[in-house]
Amino acid sequence: QIYDPYFCDGGVVRKLGALGFRDVINENRDFYADVAAARVPPHDALVTNPPYSGDHVARIVAHVARSLKPFALLIPTYYLGRDAWRTAAAAL
């Protein structure tokens, strides 16, 4: 199962399905509330292009570092120099 926690327009299921990925979770839910309540859907890998505004990138990086599951994040390279990334990367 692939999990993308950011719903946006809901096209992730369709787009990944067209590439052959049939078990994709992308629901219109509050990801941060799910994390806080330990209700993140069971999944094998998290794949997302998180919003770059606010603290979204820092929060998703912290989550994937804690979850210890495979992940792929599409984030700008400049983010790799930020403290939030260094802290999370040190935990991996």
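Here the structure is shown first, and the text comes after it.
Procedures and definitions
- Residues numbered from 1 in each chain as written.
- Predicted model: local features only at pLDDT ≥ 70, side-chain atom pairs only at ≥ 80, totals over all residues.
- Heavy atoms only, no water.
- Pairing = 2+ DSSP bridges.
- Helix = DSSP H or I, 4+ residues; strand = E, 2+ residues; numbered from the N terminus.
- Contact = heavy atoms within 4.5 Å.
- Axes fitted to C-alpha atoms, helices over the stretch in contact; angles between N-to-C directions.
- Parallel < 35°, antiparallel > 145°, perpendicular 65-115°, else oblique.
- Buried < 20%, exposed > 50% of the residue type's maximum accessible area, 1.4 Å probe, protein only.
- Salt bridge = Lys/Arg side-chain N within 4 Å of Asp/Glu carboxyl O.

Caption draft 1: Quick look at the sheet that holds strand E4 (residues 71-73). The sheet built from 4 strands is open, its strands ordered E2-E1-E3-E4 with parallel pairing. Of all strands in the sheet, those with a lone pairing partner are strand E2 (24-25) and E4, marking the two edges. Strand direction decides the pairing type here: strand E3 (residues 45-48) and E4, joined by 3 bridges, are parallel. Counted as the bridge partner of Thr48 is Leu73 from E4.

Caption draft 2: Up close: the environment of Val57. Mapped onto the secondary structure, Val57 falls in helix H3 (residues 56-67). Sequence spacing of Val57 and Ala84 is 27 residues, and the spatial spacing of their C-alpha atoms is 8.7 Å. When neighbours within four sequence positions are excluded, Val57 is seen to be in contact with Pro50, Pro51, Tyr52, Ile75 and Tyr79.

Caption draft 3: Broad picture of the packing of H3 against helix H4 (residues 83-91). Across the interface, H3 lies against H4 with an axial gap of 9 Å and an inter-helix angle of 10 degrees. By the criterion of interaxial angle, the relationship of H3 to H4 is roughly parallel. For the pair H3 and H4, the contacting residues are Ala58, Val61 and Ala65 in the first and Ala84, Trp85, Ala88 and Ala91 in the second.

Caption draft 4: Expanded view of the side chain of Thr48. Note that Thr48 resides in strand E3. In this structure Thr48 comes out as buried when scored by relative accessible area, which is 6%. Dropping the residues within four chain positions of it, Thr48 is found in contact with Asp4, Pro5, Tyr6, Ile60, Ala72, Leu73 and Leu74.

Caption draft 5: Representation of the pattern of salt bridges in the model. In this structure the tally under the stated criterion is 4 salt bridges. Its salt-bridge partner being Arg29, residue Asp34 comes within 2.7 Å of it at the nearest N-O pair. Overall, Arg29 belongs to the partly exposed group, its relative accessible area being 39%. Notably, a salt bridge pairs Arg39 with Asp34, separated by 3.3 Å at the nearest N-O pair. One salt-bridge network, in which partners are shared between bridges, spans Arg29, Asp34 and Arg39.

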